[in-house]
Amino acid sequence: MAKVHGAVVIDGKRCKGCDLCVVACPTDVLLLQPKEVNDRGYHYAYAANPDKCIGCAACATVCPDACIEVYRVVERPA
Amino acid sequence: MTTEEIIQPQNKVYSRPRLLDERDTHYCPGCSHGVVHKIIAELLDEMGLENKTVGVAPVGCAVFAYNYIDVDWVEAAHGRAPAVATAASRLNPQNLVFTYQGDGDLAAIGTAETIHAANRGENIAMIFINNGIYGMTGGQMAPTTLLGMKTATTPYGRTAELNGYPLPISNILATLDGTCYVTRQAVHTPAAVRKTKAAIKKAFENALAKRGTSVVEVVSTCNSGWKLSPAKSNEWMVEHMFEKYPLGDLKTPSEEPKN
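Reading the values: the criteria
- Residues numbered from 1 in each chain as written.
- Chains lettered and ligands numbered in written order.
- Predicted model: local features only at pLDDT ≥ 70, side-chain atom pairs only at ≥ 80, totals over all residues.
- Heavy atoms only, no water.
- Helix = DSSP H or I, 4+ residues; strand = E, 2+ residues; numbered from the N terminus.
- Rg over C-alpha atoms; globule rule 2.2 N^0.38 Å.
- Buried < 20%, exposed > 50% of the residue type's maximum accessible area, 1.4 Å probe, protein only.
- Contact = heavy atoms within 4.5 Å.
- Areas by Shrake-Rupley, 256 points an atom, 1.4 Å probe, with all protein chains shown as cover.
- Lys, Arg positive; Asp, Glu negative; His and termini not counted.
- Charge placed at Lys NZ, Arg CZ, Asp CG, Glu CD.
- Core = buried A, V, L, I, M, F, W, Y, C linked by side-chain atoms within 4.5 Å.
- Phe/Tyr/Trp six-rings, centres within 6.5 Å; stacked < 30°, edge-to-face > 60°.
- Buried area = accessible area lost by both parts, 1.4 Å probe.
- Salt bridge = Lys/Arg side-chain N within 4 Å of Asp/Glu carboxyl O.
- Nonpolar A, V, L, I, M, F, W, Y, C, P; charged D, E, K, R; others polar.
- Pairing = 2+ DSSP bridges.
- Axes fitted to C-alpha atoms, helices over the stretch in contact; angles between N-to-C directions.
- Expected span 1.5 Å × (residues − 1).

1. Some remarks on the overall build of chain B
Looking only at helices and strands, chain B has 11 helices and eight strands in total. The C-alpha radius of gyration of chain B comes to 18 Å, within 12% of the 18 Å expected for a compact globule of 259 residues. When its C-alpha atoms are laid out on the principal axes, chain B stretches across 60 × 50 × 30 Å. Buried residues in chain B amount to 54% of all 259 residues. For chain B, the share of sequence-separated contacts (at least 6 apart) that also reach a separation of at least 24 residues comes to 68%. With an accessible surface of roughly 10,900 Å², chain B has 54% of that area assigned to carbon and sulfur atoms. Averaging the locations of the 24 positively and 26 negatively charged side chains of chain B gives two centres separated by 4 Å.

This is how it looks when you write it as structure tokens:
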């Protein structure tokens, strides 16, 4: 079966920490920074479990500030 | 496979739309406006309409929409966006003209303009953000506020005796002969965002094909006005708003052009 690898790049400076991507993620990849904040004082989102990402772009689709980039690789068995 | 191997330009499946301006929006964290702006920016880019689009911005939270989407915009007086859009589309019929309005703009002060533009069947697309509250001015009651909903001006909840009933303006617009497409969508889940994108695309196509007025209502959240977190607001919207404003198409277009 083909294996899907994904990765997200989050613009932490632009993120407002609204938590919608964390809720939307089906594989629990994302979390909000528990302590760290960005320049505007928001607890920005980060990939806490990057290995679980499947690159479905659910997080980026619901992000109101368009600060998530998504990458996906589909590895097919030889 | 390492993260560095995955993060390569050829593997990119989603990025910030090209037509969305680099500056940050002034919207509160989790505001639905950002998602709808993003959808519009993506669609205008995908449909190649960058140089033939005129947006009409409202008064309300989206008053600065012209700062965020990199196409031509006109700023209208409060509620008058459909009237301005009428002029813009009649003078340059080859252009796509759309209005972007909130519920205070479209359903309160601009009711007359909205209904008459739709009744004339102007070839414009109206995007209507309905969050049941006046967000920008501090959370006052809007015509679309639900019964029992607490706002700054209805601190004990809206009552039918004192404030009347919530106004389902899209249902009213759907009964007019001038409208060709009226639909109600939301942007609370990835699937809903994709549906809203398809609906707005259809509305833009109708405007370009001169089929009449298209209205896309987006039932939205105002987490600051509702005094809830963004995620909780979405839950509250599903539980309460969808009862009064159920999602789905209210009127679908016929294939024949109207004029």
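2. Quick notes on the nonpolar core
All names here are of chain B. Core analysis: the largest hydrophobic core is formed by 40 residues, its most contacted members being Val36, Ile40, Leu44, Phe98, Ile127 and Phe204. Elements represented by at least two residues in this core include exactly α2 (32-46), α3 (65-68), β4 (96-102), β5 (125-130), β6 (179-186), α9 (190-208) and β7 (213-219). In terms of residues, this core owes the most to one element, α2, which gives seven residues. Setting aside anything within four residues of it in sequence, one finds Phe204 in contact with Ile40, Leu43, Leu44, Met47, Leu96, Phe98, Ala125 and Ile127. Ranked by size, the runner-up nonpolar core spans 20 residues in total, among them Val56, Ala88, Ile169 and Val215.

3. Some details on the packing of aromatic side chains
Residues and elements named next belong to chain B. Throughout the structure, instances matching the rule amount to five aromatic pairs over all chains. Seen in terms of ring centroids, Trp226 and Trp236 are 4.9 Å apart; in terms of plane orientation they differ by 55 degrees. Their pairing is tilted. Taken together, the positions of Trp226 in helix α10 (residues 223-226) and Trp236 in helix α11 (residues 230-244) put the pair 10 residues apart, joining distant regions of the chain.

4. Quick look at the interface of chain A and chain B
Interfaces are frequently sized by the accessible area removed from exposure as the parts join. Facing 30 residues of chain A, the contacting portion of chain B comprises 33 residues. It is Arg14, Thr61 and Tyr71 of chain A that lose the most area in chain A upon contact with chain B, and together they represent 24% of the buried surface on that side. For the pair chain A and chain B, the number of links is four salt bridges. Between Asp24 of chain B and Arg14 of chain A there is a salt bridge; the shortest N-O distance is 2.9 Å. At the level of elements, β1 (3-10), α1 (20-24), α2 (58-62) and β4 (68-75) of chain A are the ones that each hand at least two residues to the side of chain A that touches chain B. Among the elements that take part in the side of chain A that touches chain B, β4 of chain A stands out by supplying seven residues, more than any other. Along the lines of polarity and charge, the residues of the side of chain A that touches chain B split into 19 nonpolar, four polar and seven charged. Direction of pairing for β4 of chain A relative to strand β1 (residues 12-14) of chain B: antiparallel, over a ladder of two bridges. Within β1 of chain B, the residue paired with Val70 of chain A across the bridge is Tyr14 of chain B.

5. Notes on the sheet that holds β5 of chain B
Residue and element names in this part refer to chain B. One open sheet holds the seven strands; their spatial order is β3-β2-β4-β5-β7-β6-β8, and the pairing between them is mixed. Looking at the sheet topology across the chains shown, the edges are occupied by β3 (72-75) and β8 (248-251). Each neighbouring strand pair of the sheet contributes to a mean axis angle of 20 degrees, computed without reference to strand direction. Relative to β3, strand β2 (residues 53-57) is paired through four bridges, and the arrangement is parallel. Along β3, the bridge assignment pairs Val54 with Asp72. Most of the contacts of α2 go to β4, to which it runs at about 175 degrees, and overall it touches β2, β4, β5 and β7.

6. Points about the pairing of β2 of chain B
Residues and elements named next belong to chain B. Among the five residues that make up β2, five are buried, leaving the element largely enclosed by the rest of the structure. With four bridges connecting them, β2 and β4 associate as parallel partners. Paired with Gly55 across the strands is Phe98, a residue of β4.

7. A word on the sheet that holds β4 of chain A
Taking strand neighbours across the sheet as the criterion, the three strands line up as β1(A)-β4(A)-β1(B) in an open arrangement whose pairing is antiparallel. Each end of this open sheet is capped by a strand with a single partner; those strands are β1 of chain A together with β1 of chain B. Along the sheet, successive strands turn relative to each other by an average axial angle of 35 degrees, direction set aside.

8. Side note on α2 of chain B
Between the first and last C-alpha of α2 of chain B there are 21 Å, a value that for 15 residues agrees with the 21 Å anticipated at 1.5 Å per step. Within two residues after α2 of chain B, Gly48 of chain B carries a phi angle of roughly 65 degrees, on the positive side.

9. Details of unusual backbone geometry
Of note, Asp28 of chain A is a non-glycine position whose phi angle comes to about 55 degrees, a positive value. Even without being a glycine, Lys227 of chain B presents a positive backbone phi close to 60 degrees. By the secondary structure assignment, Lys227 of chain B is in the loop between α10 and α11. Note on Lys227 of chain B: relative accessible area 65%, which makes it exposed.

10. Regarding the pattern of salt bridges
Evaluated as defined, the whole model comprises 16 salt bridges over all chains. For Arg16 of chain B, the salt bridge is made with Glu22 of chain B, and the minimal N-O distance between the two is 3.9 Å. One salt-bridge network, in which partners are shared between bridges, spans Asp11, Arg14 and Arg40 of chain A together with Arg16, Glu22 and Asp24 of chain B.

Shape is all these values report; function is a separate question.
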